Structure formats: C-alpha cells, structure tokens
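# Overview (structure and organization)
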Amino acid sequence: MVNVYPFNIDTAPYAALERIHGLCFTESWDEDTFEAMLTVYGTYGVAITINEALEGFVLYRQPFDDAEILTICVNPKKENQGYGSRLIKSMLHYLKKPGKCFLEVSPKNTYAVKLYEKFHFKIIHTRKDYYEIGLDAYVMMRDI
Ligand SMILES: CC(C)(COP(=O)(O)OP(=O)(O)OC[C@H]1O[C@@H](n2cnc3c(N)ncnc32)[C@H](O)[C@@H]1OP(=O)(O)O)[C@@H](O)C(=O)NCCC(=O)NCCS
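Only a predicted model underlies this, so the values are computations on that prediction, with no experimental measurement involved.

Basis of the calculations
Residues numbered from 1 in each chain as written. Predicted model: local features only at pLDDT ≥ 70, side-chain atom pairs only at ≥ 80, totals over all residues. Pairing = 2+ DSSP bridges. Helix = DSSP H or I, 4+ residues; strand = E, 2+ residues; numbered from the N terminus. Axes fitted to C-alpha atoms, helices over the stretch in contact; angles between N-to-C directions. Contact = placed C-beta atoms within 7 Å. Parallel < 35°, antiparallel > 145°, perpendicular 65-115°, else oblique. Left-handed = near helix turned anticlockwise from the far one by under 90°. Nonpolar A, V, L, I, M, F, W, Y, C, P; charged D, E, K, R; others polar. Near = placed C-beta within 6 Å. Buried ≥ 20, exposed ≤ 12 C-beta atoms within 10 Å, placed from the backbone. Core = buried A, V, L, I, M, F, W, Y, C linked by C-beta atoms within 7 Å.

## With respect to the sheet that holds strand 6 (residues 122–132)
Here we have seven strands laid out as an open sheet, ordered 1-2-3-4-5-7-6, and mixed in their pairing. The open sheet is flanked by strand 1 (2–7) and strand 6, the only strands paired with a single partner. The average angle at which neighbouring strand axes cross in this sheet is 25°, direction not considered. In the packing of helix 1 (residues 14–24) onto the sheet, contacts are made with strand 3 (53–61) and strand 4 (67–74), and the angle to strand 3 comes to roughly 90°. Strands in contact with helix 4 (residues 110–118) are strand 5 (100–105) and strand 7 (135–143); relative to strand 5, the strand with the most contacts, it is inclined by about 165°.

Now the structure itself:
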C-alpha cells in the first residue's frame, strides 16, 4: 500500500531519509544533517512509503511566502513509477499560497528537469559553475 504523508522535525523518519538519500546522491546527508535542516524555520518534508518502507521524500523550506525545494529523491529501484510526481503534487498541496516556489537543478539531470516541467516549473536563470567548474545549475520557479 502506498502512503504519502507530511513530516516535520519531530516526526521525520531520520534513518530512512539517510538511507534513501544515500542511494540517490554521492554526497549524501546523514541523520544529523537532516535534523539540522529541519531545525530551520519553515522546513518540512513529504514522504512516500510502500508497504511502510520509505521509498522517497521531498524536503522543502517555506519561511515566508516563497518556498524552495531543498531535495527530492526516490529509491532508484522505484524510479519512473510516478512517485516523484506524487511527492511534488503533495508538497504543492501543503505549501501556503500565494507565493513562488524555487529550486536548483543540474541541466544534466534530465529526469528531474522533466519532473519539474511536468509541474509547470520554468527555467528562469542559469547559475554558471554552480555545482563545480563547468557544471551549471538551472534555477526553476513556479507560482504557488
Ligand atoms: C528525479 C526523481 C526524484 C524523479 O522521481 P520519479 O519517481 O522517477 O518521478 P516520476 O516517476 O514521477 O517521473 C517524473 C518524470 O520524470 C521522467 N522520468 C523519470 N524517470 C525516467 C526514466 N527512467 N526514463 C525516462 N523518463 C523518466 C518522466 O518524464 C516522468 O514524467 P512522466 O509522468 O511524463 O512519465 C528521481 O529520478 C530521483 O530520485 N533522482 C535522483 C535524485 C535527484 O536527482 N533528485 C533531484 C535533485 S534536483
């Protein structure tokens, strides 16, 4: 059974966040990093579980009107099955309106760019050498 639910600093499934993030990124975040991020005012997440096992999550920050996606990841074994879309849809539901939602993504991360475009995020800027020399970042944004 698939379950999508919001979490905050008190309810975050820290060990599972670390596990899934580690499967998706080479520079992965540990439990302490997630706790430190969730300590910052306005930081929340949405998790997706399948048969009670965490398979993906999105972490976002909305201190005032505008929001930022901090990270989103889905277990590589479960990619392209609609879970990323469910996470974005749910996050958009929880965001306070009106405002704008921003994110940064590598132009090389075509699946992520497609996911954001599907939800009407538009590329508004390219940050040169953002990730490393020669690796830019798209800044994407949509109204909420
Ligand atoms: C980006 C990510 C979260 C997408 O999650 P997902 O569960 O695969 O997303 P969805 O299944 O909802 O797919 C969203 C879109 O991505 C594209 N996509 C995803 N996987 C794909 C694949 N294997 N082949 C082709 N297109 C793919 C499709 O266009 C899809 O849209 P659709 O509904 O038109 O098919 C996931 O790939 C991931 O965790 N990547 C590693 C972490 C990462 O890079 N995060 C983003 C940092 S900015």
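From this point on, the discussion continues.
## Some thoughts on the packing of helix 1 against helix 2 (residues 31–39)
In the contact formed by helix 1 and helix 2, the axes pass within 8 Å of each other and the chain directions differ by 110°. Between helix 1 and helix 2, the crossing angle belongs to the class labelled roughly perpendicular. In terms of crossing hand, the pair formed by helix 1 and helix 2 is right-handed. Mapping the contact onto sequence places Tyr14, Ala15, Leu17 and Glu18 in helix 1 and Glu31, Phe34 and Glu35 in helix 2. Classifying every residue of the contact of helix 1 with helix 2 gives four nonpolar, no polar and three charged.

## As for the site of the ligand
Taken together, 18 residues are adjacent to the ligand, and Glu79, Asn80, Gly84, Ser85 and Lys114 come closest. Take the shell around the ligand: its biggest share by element is five residues, from helix 4. When the residues that make up the shell around the ligand are grouped by side-chain class, the tally is nine nonpolar, six polar and three charged.

## As for unusual backbone geometry
Of the consecutive residues Lys97 and Pro98, the connecting peptide bond is found in the cis state with omega at -5°. On the secondary structure map, Pro98 appears in the loop between helix 3 (83–94) and strand 5. Phi is positive for Asn51, which is not a glycine, with a value near 50°. In this structure, Glu52 takes a positive phi of about 75° despite not being glycine. Note on Glu52: 7 C-beta atoms within 10 Å, which makes it exposed.

## Points about the nonpolar core
By size, the foremost hydrophobic cluster in this structure holds 28 residues, and its most contacted members are Phe57, Val58, Tyr60 and Leu87. Those elements giving two or more residues to this core turn out to be helix 1, helix 2, strand 2 (43–50), strand 3, strand 4, helix 3, strand 5 and strand 7. With five residues, the single largest contributor to this core is strand 4. Apart from residues no more than four positions distant in its own chain, Val58 is found in contact with Gly45, Val46, Ile69, Ile72, Leu87, Ile88 and Met91.

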